[in-house]
Amino acid sequence: IMSKLKIYTNTMCHLQHQSDGGSYYFAVYDGDDIIIEKGGFVIGSTSNRLELIAIIEAINNIPPYSDVVVCSKNKYAIGFIKSNGTNSDNADLRRQITEIMSVNSIDAELQWAGDTQESDKVQYVRDKAWEIFNNNTYVKIEYDYKRMLQDLVYSISEFSALKRGGACQSEMEK
């Protein structure tokens with residue numbers, strides 16, 4: 001009989017520009033042993049969305065009929081109402097979590113990781129998420145560069161269109 005598995009998750013995002021992307025990481029523990037761990041970097045995602053992605057990735061990688069505790073420091077991800085008082089969004093990801101758990105007969109309990117005595121495990125996934133975030137900074141820079149380049153191309157084409165239309169005549173052309 002397998003003991004109750006514990007899934008620890010964490011994410012990292014730019015505080016001012018969360019939608020620019022960020023990293024997620026999860027580790028699945030059986031007692032003190034990590035049986036699977038994985039992370040990723042996603043452009044155009046918020047911290048809350050990344051936390052749900054981490055949970056999806058984790059439950060997709062555990063055996064069917066598992067009994068698990070998901071430990072997160074993200075209250076939003078474990079079912080709390082967002083701090084601004086509105087109902088949660090990301091219904092697509094929440095639905096996906098429910099479907100995976102149902103299909104694989106996974107019984108999950110959600111636990112606020114701030115209440116756990118296993119701070120070393122919380123710190124481990126935090127450090128791994130931070131490492132992925134730092135190692136993927138170039139991805140964000142490339143994304144920003146492409147966005148700036150698209151804006152520049154658009155500006156040049158707008159200027160050219162105006163000039164062709166006669167709206168931008170230089171002093172010499174007058």
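Everything that follows concerns the structure shown earlier in this document.
Residues numbered from 1 in each chain as written. Predicted model: local features only at pLDDT ≥ 70, side-chain atom pairs only at ≥ 80, totals over all residues. Heavy atoms only, no water.

Caption draft 1: Here's a closer look at the overall build of the chain. The helix and strand inventory of the chain stands at 4 helices and 5 strands. Counting helices and strands in the order they occur from the N terminus, the chain gives β-β-β-α-β-α-β-α-α. Burial analysis of the chain (174 residues in total) assigns 33% to the buried set. At a minimum sequence separation of 6, the contacts of the chain that also span at least 24 residues come to 70%. (Helix = DSSP H or I, 4+ residues; strand = E, 2+ residues; numbered from the N terminus. Buried < 20%, exposed > 50% of the residue type's maximum accessible area, 1.4 Å probe, protein only. Contact = heavy atoms within 4.5 Å.)

Caption draft 2: Representation of unusual backbone geometry in the model. Unlike most non-glycine residues, Y65 shows phi in positive territory, near 65 degrees. Among the secondary structure elements, Y65 is positioned in the loop between α1 (47-60) and β4 (67-72). Even without being a glycine, S105 presents a positive backbone phi close to 50 degrees. Checked against the element boundaries, S105 lands in the loop between α2 (91-103) and β5 (107-112). Looking at S105, the relative accessible area reads 35%, which means it is partly exposed.

Caption draft 3: View of the pattern of salt bridges. With the rule as written, the count across this model stands at 4 salt bridges. Put simply, D32 and K121 hold a salt bridge, and the shortest N to O gap is 3.1 Å. Pair noted here: D32 is in the loop between β2 (22-30) and β3 (33-42) and K121 is in helix α3 (residues 119-135), with a separation of 89 residues, a long-range link. Taking relative accessible area as the criterion, D32 reaches 65% and is therefore assigned exposed. For K121, a relative accessible area of 4% puts it in the buried group. Here K38 makes a salt bridge to E57, at a shortest N to O gap of 2.8 Å. Of this pair, K38 sits in strand β3 while E57 sits in helix α1, and the two are 19 residues apart along the sequence. (Salt bridge = Lys/Arg side-chain N within 4 Å of Asp/Glu carboxyl O.)

Caption draft 4: Molecular detail of the sheet that holds β2. Sheet architecture is open: 5 strands sit in the order β3-β2-β1-β4-β5, paired in mixed fashion. The open sheet has two edge strands, β3 and β5, and neither has a second partner. The average undirected angle you get between the axes of adjacent strands in this sheet is 20 degrees. The pairing of β2 with β3 spans 9 bridges and is antiparallel. Its bridge partner lying in β3, Y29 is registered against I34. (Pairing = 2+ DSSP bridges. Axes fitted to C-alpha atoms, helices over the stretch in contact; angles between N-to-C directions.)

Caption draft 5: The nonpolar core, seen in detail. I7, V28, L52, I59, I62, V68 and I97 are the most contacted members of the largest nonpolar core, which totals 23 residues. Only β1 (5-13), β2, α1, β4 and α2 provide two or more residues apiece to this core. Of the residues forming this core, the biggest block, 8 residues, is contributed by α1. Filtering out sequence-adjacent residues up to four positions away, I59 remains in contact with I7, I97, I100, M101 and I106. Counting 13 residues, the second largest nonpolar core, distinct from the first, contains Y8, M12, V69 and V125. (Core = buried A, V, L, I, M, F, W, Y, C linked by side-chain atoms within 4.5 Å.)

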